[in-house]
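What the coordinates show
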Amino acid sequence: MKTTVAVIVAGGTGSRMGGAVPKLFRPLRGKPVLWHSLQAFTRHPEISQTVLVHHADHGEYLAP
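Rules of the game
- Residues numbered from 1 in each chain as written.
- Predicted model: local features only at pLDDT ≥ 70, side-chain atom pairs only at ≥ 80, totals over all residues.
- Heavy atoms only, no water.
- Buried < 20%, exposed > 50% of the residue type's maximum accessible area, 1.4 Å probe, protein only.
- Helix = DSSP H or I, 4+ residues; strand = E, 2+ residues; numbered from the N terminus.
- Pairing = 2+ DSSP bridges.
- Polar contact = N/O pair within 3.5 Å; in protein donor to acceptor, adjacent residues only side chain to side chain.
- Contact = heavy atoms within 4.5 Å.

This brings us to the pairing of strand β1 (residues 5–10). Side chains on a regular strand alternate between the two faces of the sheet. Only one face of β1 is buried, namely the one carrying Ala6, Ile8 and Ala10, since none of Val5, Val7 and Val9 on the opposite face is buried. In terms of strand pairing, β1 meets strand β4 (residues 49–54) through six bridges, oriented parallel. Paired with Ala6 across the bridge in β4 is Thr50.

Before going further, it helps to examine the environment of His44. Checked against the element boundaries, His44 lands in the loop between α1 (33–42) and β4. Residues His44 and Val21, 23 residues apart in the sequence, show an inter-C-alpha distance of 28 Å. Among the polar contacts made by the side chain of His44, one reaches the main-chain amide nitrogen of Glu46 at a distance of 3.0 Å.

For His58, the position within the fold is in the loop between β4 and α2 (59–62). Look at His58 and you get buried, because its relative accessible area is 5%. Setting aside residues up to four positions removed in sequence, His58 forms contacts with Gly12, Thr13, Pro22 and Phe25.

What follows is the structure, encoded as structure tokens:
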């Protein structure tokens, strides 16, 4: 069986957009922008694994 891995590189800070919350974690249709990207890849039938690479300072936004 072929393994297909999606790597989502979310290492930016979103500083050009300004504001206290980085762009990836701001809501879009009620969910964080990053959530929409993760859903697209994790639901794809040909992708068996998804890896998220994020900025070291953004761990607080990713914790459950």
